[in-house]
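What follows is the residue order along each chain.
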Amino acid sequence: MSSYSLAQTDNAIEKTKIGLFKTKAAYKKCGITMTNAQFFKLIGEDSNMSEFVKPLAINYMGDALLTAASSVLIFWPIGEHIAGNDDPNWTLAYIGAGCALLSIPFKKGFEKNADKAMKFYNNGYQKVAVDFRLNLNANGLGLAMKF
């Protein structure tokens, strides 16, 4: 009698796009799509990834606080209007829209730092030697190498 078993040994993290228009970045490990909070928890529990915890925490918390504030500030006057108030304070909605706009750099910062953490994790806890980027400065547009 013979038998064999198969096991998945690939623990790499991969980046995917989710959402209605495939615009939101998400991270998958072992075929399971993680939320930003789950990705942050995964990185935080790994002692080799300690240098990525603080930047991810700052960006995650900044995004979470501004998104929550924008939701409350935008929907408060809308709820008042639905409840019958003919003159709700629409300034709150404008401030909420500003908070939503301010959360965008935190979202992008989280994605950028999560990409760095993902590359570090997938490379076996070794830094990538060279990173090429387009750079715009006073001398013009060029290709920049980061070591």
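Residues numbered from 1 in each chain as written. Predicted model: local features only at pLDDT ≥ 70, side-chain atom pairs only at ≥ 80, totals over all residues. Heavy atoms only, no water.

**Student:** Would you mind going over the overall build of the chain with me for this structure?
**Tutor:** Of the regular secondary structure elements, the chain holds three helices and five strands. Starting at the N terminus and ending at the C terminus, the chain contains elements arranged as β-β-β-α-α-α-β-β. Going through the 147 residues of the chain one by one, you find that 23% of them count as buried. Pairs at least 24 residues apart make up 42% of the contacts formed inside the chain by residues separated by at least 6 positions. Of the roughly 10,700 Å² that the chain leaves accessible, carbon and sulfur atoms contribute 62%. (Helix = DSSP H or I, 4+ residues; strand = E, 2+ residues; numbered from the N terminus. Buried < 20%, exposed > 50% of the residue type's maximum accessible area, 1.4 Å probe, protein only. Contact = heavy atoms within 4.5 Å. Areas by Shrake-Rupley, 256 points an atom, 1.4 Å probe, with all protein chains shown as cover.)

**Student:** Quick question: what am I supposed to make of the sheet that holds strand β3 (residues 32–34) here?
**Tutor:** In a beta sheet, neighbouring strands pair by backbone hydrogen bonds and run either parallel or antiparallel. Judged by pairing direction, the sheet is antiparallel, and its three strands sit side by side in the order β1-β2-β3 without closing on themselves. With partners counted over all chains shown, the strands left at the sheet margins are β1 (13–18) and β3, one partner each. Within the sheet, the average angular offset between the axes of one strand and its neighbour, ignoring direction, is 40°. For β1 and strand β2 (residues 24–29), the ladder comprises six bridges, and the chain directions are antiparallel. From the neighbouring strand, I13 faces β2, where its bridge partner is K29. Against the sheet, helix α1 (residues 36–45) makes contact with β1, β2 and β3, and its axis sits at roughly 95° relative to β3, the strand it touches most. (Pairing = 2+ DSSP bridges. Axes fitted to C-alpha atoms, helices over the stretch in contact; angles between N-to-C directions.)

**Student:** Teacher, can you tell me more about the pairing of β2 here?
**Tutor:** Working note: regular strand, side chains alternate between the two faces of the sheet. Two successive antiparallel strands, β1 and β2, enclose a turn made up of five residues, where G19 displays a positive phi of approximately 110°. In this sheet, β3 lies alongside β2 in antiparallel orientation, the contact comprising three bridges. Within the sheet, the bridge partner assigned to K29 lies in β3 and is I32. From the end of β2 to the start of β3, which pair antiparallel, there are two residues, and C30 there has a positive phi angle of about 55°.

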